Amino acid sequence: MPDGVEQRSEKLATAGASESLAMHDAATAQNDRKASGDGAWRPGMGYREYLAVRKPSFTHWLVLKTVPYFVSVLPLRMRLFAYRLMGVKFRGTGHFIGRGCLIDPVFPEMITLEDHVSVAPRVIIECHQSRSDLLKPVTLGPRSFVCTGAIIAPGVSIGAGAIVGAGSVVFRSVPAGVIVIGSPARVVGKVHSEWDKG
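Quick notes on the rules
Residues numbered from 1 in each chain as written. Predicted model: local features only at pLDDT ≥ 70, side-chain atom pairs only at ≥ 80, totals over all residues. Heavy atoms only, no water. Helix = DSSP H or I, 4+ residues; strand = E, 2+ residues; numbered from the N terminus. Buried < 20%, exposed > 50% of the residue type's maximum accessible area, 1.4 Å probe, protein only. Areas by Shrake-Rupley, 256 points an atom, 1.4 Å probe, with all protein chains shown as cover. Patch = residues over 30% accessible without salt bridge, like charges linked within 9 Å, V, L, I, M, F, W, Y side chains within 5 Å. Salt bridge = Lys/Arg side-chain N within 4 Å of Asp/Glu carboxyl O. Pairing = 2+ DSSP bridges. Arc of directions from axis to C-beta. Contact = heavy atoms within 4.5 Å. Core = buried A, V, L, I, M, F, W, Y, C linked by side-chain atoms within 4.5 Å. Polar contact = N/O pair within 3.5 Å; in protein donor to acceptor, adjacent residues only side chain to side chain.

1. Side note on the overall build of the protein
Looking only at helices and strands, the protein features 5 helices and 16 strands. Out of the 198 residues belonging to the protein, those deemed buried represent 36%. Of the accessible surface of the protein, which amounts to about 11,300 Å², a share of 60% is contributed by carbon and sulfur atoms.

2. Some remarks on a nonpolar patch on the surface
A cluster of nonpolar residues, F58, W61 and L62, forms a patch on the protein surface that exposes about 340 Å² of accessible area. Considering the arrangement of structural elements, one finds W61 in helix α3 (residues 58-66).

3. Looking at the sheet that holds strand β2 (residues 96-97)
Pairing in this open sheet of 6 strands is mixed, and the strands run β2-β5-β10-β13-β15-β16 from one edge to the other. The open sheet has two edge strands with one neighbour each: β2 and β16 (186-190).

4. Remarks on helix α4 (residues 76-86)
Residues spaced three or four apart along an α-helix face the same direction, because each turn holds 3.6 residues. Those residues of α4 lying buried are R79, L80, A82, Y83 and M86. In an axial view of α4, the angular spread of the buried residues amounts to 160°, which keeps them on one side of the axis. Opposite the packed face of α4, turned more than 90 degrees from it, sit the exposed residues R77 and F81. Its buried side turned inward, α4 meets α3, β1 (89-90), β2 and β3 (102-103).

5. Points about the pairing of β16
Pairing of strand β15 (residues 178-181) with β16, which is carried by 4 bridges, proceeds in the antiparallel orientation. Considered in β16, the bridge of V180 is made with V187. The antiparallel hairpin formed by β15 and β16 contains 4 residues in its connecting segment, where G182 sits at a positive phi of about 105°.

6. Quick notes on the sheet that holds β1
What the 4 strands build is an open sheet, ordered β1-β4-β9-β12; its pairing is parallel. Each edge of the sheet is formed by a strand with only one pairing partner; in this case those strands are β1 and β12 (157-158). In this structure, β1 lies alongside strand β4 (residues 111-113), joined through 2 bridges in parallel fashion. Counted as the bridge partner of K89 is T112 from β4.

7. Some details on the nonpolar core
Judged by nonpolar contacts, the single largest core of 42 residues is most densely connected at Y83, I97, L113 and I158. Among the elements that line this core, the one with the most residues is α4, at 4 residues. For I97, the residues in contact, after removing those within four places along its chain, are L76, R79, L80, Y83, F90, I103, L113 and V119.

8. Re the environment of S168
One can find S168 in the loop between β13 (163-164) and β14 (169-170). Separated by 15 residues in the primary sequence, S168 and S183 have C-alpha atoms spaced 5.4 Å apart.

9. Digging into the environment of T66
The residue T66 is located in helix α3 in this model. Overall, the relative accessible area of 36% leaves T66 in the partly exposed class. Sequence separation between T66 and P105 is 39 residues; the distance between their C-alpha atoms is 9.8 Å. A polar contact of 2.9 Å, which involves the side chain of T66, links it to the backbone oxygen of L62.

10. Section: the pattern of salt bridges
The final tally for this structure, using the stated rule, is 3 salt bridges. In this structure, R48 engages D133 in a salt bridge whose closest nitrogen and oxygen atoms are separated by 3.1 Å. Of this pair, R48 sits in helix α2 (residues 47-53) while D133 is found in the loop between β7 (128-129) and β8 (134-135), placing the two residues 85 residues apart along the sequence. Accessibility expressed as a relative area gives 29% for D133, which makes it partly exposed. Ionic pairing is found between R91 and E114, a salt bridge with its closest N-O pair at 3.4 Å. Note that R91 is positioned in the loop between β1 and β2 and E114 in the loop between β4 and β5 (118-119), a separation of 23 residues in sequence. Since its relative accessible area comes to 44%, R91 is described here as partly exposed.

Below you can see the structure in the form of structure tokens.
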């Protein structure tokens, strides 16, 4: 073969080998993350990366595909039980979740409700946005109250005893013991009740 053809074929072989090596390294790193983790979310993980390492059992997958469609019409105790089945984390006692709420049906395990949290009807709590690869946990602190029709965005923490007004859209975390209203939600006052302050 002429020298030019040999050189070109060597360059193509080298380029192809380095490209396949890079793809292999990326796949190996992803498999290492899958193998090393327990499928749990870690800070900095995006929506797609968490989907790759998440390992729901068949039963949990089946629950996630069926329960969200009818959970909001169940009586209160059965509703709380169904949300637990879905993976929502409840800490303490005295929880209330109203009818018609949409608690993230894709990643319910990213939502935590602390002691004596009340969520009024038709509240939306989301912890992911698939288009922007955003996935962050949502926490509702002890004795917090979320009023009817409020929307809680990914990554928000509601402080202990805080009140989120009806129809509010919460994009940022709410400090403990305050009242927030509006879209976007802003602090308008402090909670004066000793019960709500903790």
